[in-house]
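Report on the structure
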Amino acid sequence: MIPISYNLRNLAVRRTTTLATALGVGLVVFVLAASLMLTEGLRRTLSLSGHDDAAIVMRKGSDNELSSTIADAQVGQIASAPRVKKGADGRPLAVGDVVAVIFVDLVNGSGKTNLVVRGVTSDGIAFRPELKVVEGTLPRPGTGEVMVGRKIEGRFNAVQLGGEIELRKNRMAKVVGVFEAAGSSYESEIWGDKDYVGQAFGREGMVSAVRVQLDSPGGFDEFALAVEQDKRLGLDAIPEREFYEKASENTSVFISAMGIIIAVFFSIGAMIGAMITMYGTVANRRSEIGVLRALGFSRTVILVSFLFESVLLSLLGGLLGIGAALGLGMVEFSMMNFQTFSEIVFTFQPTPDILVTALVFGGMMGVLGGLLPAIRAARTAPIEAMRG
Amino acid sequence: MTLVGLSIKNVSRNRLRAVLTVFGVAIALLAFVFIRTTLDAWTGGAEHAAQDRLGTMHKVTFTMDLPRTYFDELDGTRGSVPGVKAATYQSWFGAKHPVREQEFFATIAVDTDTFFQVYEDMEVPAEQLAAWKEDRQGAIIGEALAKQFGWSVGDDVTLVGTIYPGDWKFTIEGIYTAKRRAVDKSQFLFHWKYLNESMKEQAPARAERIGWMTTLIEGSARGAEVAQAIDARFEERDIQTRTMSERALNMEFLGSFGAILTALDVVSGVILVIMMLILGNTIAMSVRERTNEYGVLLALGFRPKHIALFVMGEGIAVGLLGGLVGLALAYPFINGMGRWIEDNMGSFFPYFQIPPHVAITSLALAMLLAGLAAVIPAYRASRLDVIDALRRIG
């Protein structure tokens, strides 16, 4: 084997070229990793809102809470379905929320966007134990007080402690608290009293969707059968986690498809960059290769050595790219969720899988870009090469 | 041989490298043009949208509806609000194809009498329009939608409601074509009355409601005034309205994707950096290999600026060549794909073709970046000392 230090020194000698090529690969790895991290961030934000042992009931045909309505009277019927868990006080754990959207101005005045407003009962708040008020207090039931998610706080006009949000004419909502909910999509919402919100949006006597706590994740089928069997109710039950996975599907497919298309395009460019560099390296070291061959190193060993150098070069770039992508962890990304047409805020979420995938992708560029030059190096005839 | 001729001749010295570099630049350019075309197609919908059409909706959010009586009042403003030429109303129906439910298209319940008076940029053959008005369950669909699902006039179709539950039966009575670029060619339009009558039976609370109203005004200059006059009319009501031009509405919608648009912008910049790295690398390499020759040229009496020009000229020539090859690839590739996108994703991208200014900009950028990438190697080459250069090996 040719020692690894031979390759390392070669890379060090031609610093500018090495750096330029590695940067090219690094940018590709960066773009790929960033888009995968974004998709993962969105998926995680939404899936954190769903629990395995909970189910969500909506009107048949609705695919989101906004377009669904269920009469208050039906909530009791849903709660009495089999496999619904009972609370400490013996009442079934089932809550109905009113969900609507409002149109708000961005703080910097650069536009407007929709935010989800959720009207909940005090049971509804207790139903989500992950919810924690981090500033101010919980809104008092029966009043026009609301609390806002930490992720949207301060991003939109009046969406901050002490702010007054106009739900409709003469229906103001005063922000008294800021809450966290374990990073879930609830943190991009405004929460108020169910009746107050319901009246503001003309939803008196009805809720948008009903969530129930099941006695076990396996209880879903029996519960769903009971709810859907009653044709008069006209309802559909979905496991809560599945509901949120579906909600992120369109947007995350969109982001990852775009990221992958772009990364593939870019990688061709970076691969060619690596190929040019490696061809240059091989041409420059022709006489060296001749000497190596004359010393008795086989063609295979030379091929492997040059291929290795190319992979090393691209892995160097890959590490740079991953490093830069990890730096994005602090950035919050805010965009419209296609499912609800309202704003959702999420972060770039790195996982070991994503980092390994991106690095392997970078390494592959080195293999593909370095293969042809390495073959050329291996086919060098010793005598001619040494003669120059 | 002229200096320019010599520098271009130099490009073909290392054929393999030249071909690879040109190909690399071409691919980068292709990616750049693709991203810019996507951005343009996205924002273009807004820029080409009508300014002489105003939309009036619920002040709080477009997801809430208005009483139908609002339209009667607005329609009555013909004359009382100067500048209103025609008005219509519609409701978002939000139905899906029963089988291919992933494929999104707009389903809208419209007022048959007034819709096409306001939407002058959609054209329907007169006999189809008449037949549609007669048939309560009739629908008029866009040409792209007809192609997507293979529907033609006379077909019976069933859609599944998401907002209005149940199976809804329609008969296709006509197909419209677009007279303006920004028109979504994949809408499904049917009688608001059909929806309203069904609602009266099934859910009386949802009857006599409309999603939004649209007015066509006479002069776009007075758009803001007319919009204010309409909103003023409903100012004291329980439900207030917000009126703005179609273009402003689209711009606002785009704002929601600001983060993605910015990300694409950044990415298109990144591709340019990659392009420059490839070019700079190649140029630096060839300068290094040719140090000897530059020494000879200097010894022959060429001035340092000539050497610099050689290097720059070679770089720009490669950039230009790469740019041209890239464009030659981009046109069939992107426009071909664009046609597919227009047919299948017409709701988002009604028009997806390379805009001329993108093609010109990208070519200019390829040359400019090649020039920039060559600056440092050119400077270095021009600073060479004759003796050193002649002595240097490899």
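Whatever comes next refers back to the structure up there.
Residues numbered from 1 in each chain as written. Chains lettered and ligands numbered in written order. Predicted model: local features only at pLDDT ≥ 70, side-chain atom pairs only at ≥ 80, totals over all residues.

1. Topic: the pairing of strand E11 (residues 209-213) of chain A
Residue and element names in this part refer to chain A.
- Among the 5 residues of E11, 5 are classified as buried, and the element is accordingly described as predominantly covered.
- Taking every second residue as pointing to the same face, both faces of E11 are buried, with Ala209, Arg211 and Gln213 on one and Val210 and Val212 on the other.
- Direction of pairing for strand E1 (residues 54-59) relative to E11: antiparallel, over a ladder of 4 bridges. Looking at E11, one finds that Ile56 is bridged to Arg211.
- With 4 bridges connecting them, strand E3 (residues 94-105) and E11 associate as antiparallel partners. What sits directly across from Ala94, in E11, is Val212. (Buried ≥ 20, exposed ≤ 12 C-beta atoms within 10 Å, placed from the backbone. Helix = DSSP H or I, 4+ residues; strand = E, 2+ residues; numbered from the N terminus. Pairing = 2+ DSSP bridges.)

2. Digging into the nonpolar core
- Ranked by internal contacts, the top residues of the largest apolar core, which has 171 residues, are Ala33 and Phe266 of chain A together with Ala31 of chain B.
- Every residue in contact with Ala31 of chain B, bar those within four places of it in the chain, is listed here: Ile262, Phe265 and Phe266 of chain A together with Ile271 of chain B.
- Membership of the second largest hydrophobic core comes to 49 residues, among which are Phe71, Phe115, Tyr119 and Leu195 of chain B. (Core = buried A, V, L, I, M, F, W, Y, C linked by C-beta atoms within 7 Å. Contact = placed C-beta atoms within 7 Å.)

3. Focus on the pairing of strand E7 (residues 138-142) of chain B
Residues and elements named next belong to chain B.
- Taking burial as the measure, the 5 residues of E7 include 5 buried ones, the bulk of the element.
- Of the two faces of E7, the one lined by Gly138, Ile140 and Gly142 and the one lined by Ala139 and Ile141 are each fully buried.
- As judged from the 5 bridges shared by E7 and strand E9 (residues 167-178), these two strands associate in the parallel manner. The residue of E9 that forms the bridge with Ile140 is Gly174.
- Alignment of E7 against strand E10 (residues 187-191), held across 3 bridges, turns out to be antiparallel. Looking at E10, one finds that Ala139 is bridged to Phe190.

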